[in-house]
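Survey of secondary and tertiary structure
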Amino acid sequence: MARTRSFDPEQVLQQAMMLFWQQGFERLSMEQLVKHLGVNRYSLYETFGNKQALFELSLERYIAVVFEFMQMPLKEHKGKAALTAFCQKFRDQLQRTNANNGCLMFNSLQAKTPMSDTALLNLHTAIEKQQTLLLQRIIEAQTANEFKRQFKPEAAAQFIAAQTRLLLNTRRDQGIEAMTTIADFLIADIEAW
């Protein structure tokens with residue numbers, strides 16, 4: 001007779017994602033996962049595979065839920081309004097008291113977390129999609145003459161993407177106030193374009 005699961009895999013995956021996000025892959029042991037998730041080691045392995053597989057599923061969930069949520073202003077708005085709404089949402093999310101973990105995707109890249117080729121491709125694809133959305137909104141704004149000056153759309157998209165990573169690092173290393181100051185300056189700068 002097959003054993004029935006005594007846990008919800010989706011809920012456990014959500015909790016695992018949060019743990020990897022807070023502590024990182026290297027600092028989080030399988031023993032800590034077992035303890036914090038409240039699921040025995042055998043059940044974790046049977047449901048998700050090893051720690052690496054659980055991390056990659058957590059990363060996949062992060063991209064689908066958290067990263068995509070942050071891109072919504074770029075999908076819901078057009079032109080310059082989308083760019084400022086995106087930066088405002090980024091700032092607002094980073095002002096939350098539990099937002100000092102940064103971004104699981106960029107944390108994993110910076111830490112050189114071991115990943116399968118598929119996980120790495122999924123991560124880079126998500127980043128490229130963000131870059132494409134930024135580029136599309138910038139081209140829309142230029143086409144609608146929303147900017148006071150002209151510049152290379154690709155450079156502007158890279159600039160905004162780089163600034164979001166700066167905001168993540170500033171939030172983690174210097175706190176909410178320093179991050180907010182930089183974010184407000186970025187938003188004002190984009191509005192002045």
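Coordinates for the structure precede this section.
One structure accompanies this document, and this report is about it. (Residues numbered from 1 in each chain as written. Predicted model: local features only at pLDDT ≥ 70, side-chain atom pairs only at ≥ 80, totals over all residues. Heavy atoms only, no water.)

Let's talk about the nonpolar core
- In this structure, Phe 20, Leu 33, Leu 37, Tyr 62, Met 105 and Ile 160 are the most contacted members of the largest nonpolar core, which totals 59 residues.
- A total of 9 residues in this core trace back to one element, the largest contributor, which is helix α4 (residues 51-76).
- Residues in contact with Ile 160, not counting those within four places in the same chain, are Leu 83, Phe 86, Cys 87, Leu 134, Ile 138, Ile 190 and Trp 193. (Core = buried A, V, L, I, M, F, W, Y, C linked by side-chain atoms within 4.5 Å. Buried < 20%, exposed > 50% of the residue type's maximum accessible area, 1.4 Å probe, protein only. Helix = DSSP H or I, 4+ residues; strand = E, 2+ residues; numbered from the N terminus. Contact = heavy atoms within 4.5 Å.)

Considerations on the packing of aromatic side chains
- On inspection of all chains with the given rule, the structure shows 9 aromatic pairs.
- Pairing Trp 21 with Tyr 62 gives two aromatic rings, centres 4.9 Å apart and planes at 80 degrees, and the pair type is edge-to-face. Residue Trp 21 is located in helix α1 (residues 9-23), and its partner Tyr 62 is located in helix α4; the two are separated by 41 residues in the primary sequence.
- Take Tyr 62: its relative accessible area is 3%, and that puts it in the buried class.
- Judged by centre distance (5.3 Å) and plane angle (65 degrees), the rings of Phe 25 and Phe 55 are edge-to-face. (Phe/Tyr/Trp six-rings, centres within 6.5 Å; stacked < 30°, edge-to-face > 60°.)

Some details on the pattern of salt bridges
- Across all of its chains, the model carries 7 salt bridges by this definition.
- With a closest N to O distance of 3.0 Å, Arg 91 and Asp 92 form a salt bridge.
- You can call Asp 92 partly exposed: its relative accessible area is 37%.
- Its salt-bridge partner being Asp 184, residue Arg 91 comes within 2.8 Å of it at the nearest N-O pair. Here Asp 184 lies in helix α9 (residues 176-192) and Arg 91 lies in helix α5 (residues 79-94), a separation of 93 residues in the sequence.
- Via salt bridges that share partners, Arg 91, Asp 92 and Asp 184 belong to a single interconnected network. (Salt bridge = Lys/Arg side-chain N within 4 Å of Asp/Glu carboxyl O.)

Brief notes about the layout of surface pockets
- The calculated volume of the largest pocket comes to roughly 450 Å³.
- Lining the largest pocket are 24 residues, with Trp 21, Tyr 62, Val 66, Met 70 and Gln 93 positioned closest to its centre.
- Elements supplying a minimum of two residues to the lining of the largest pocket: α1, α4, α5 and α8 (153-174).
- In terms of residue count, the dominant contributor to the lining of the largest pocket is α4 (7 residues). (1 Å grid on protein atoms, 1.4 Å probe; cavity = no way out; pocket = protein on both sides within 12 Å on 5 of 7 lines; lining within 4 Å. Points joined across faces, edges and corners; volume = space filled by probe spheres on them.)

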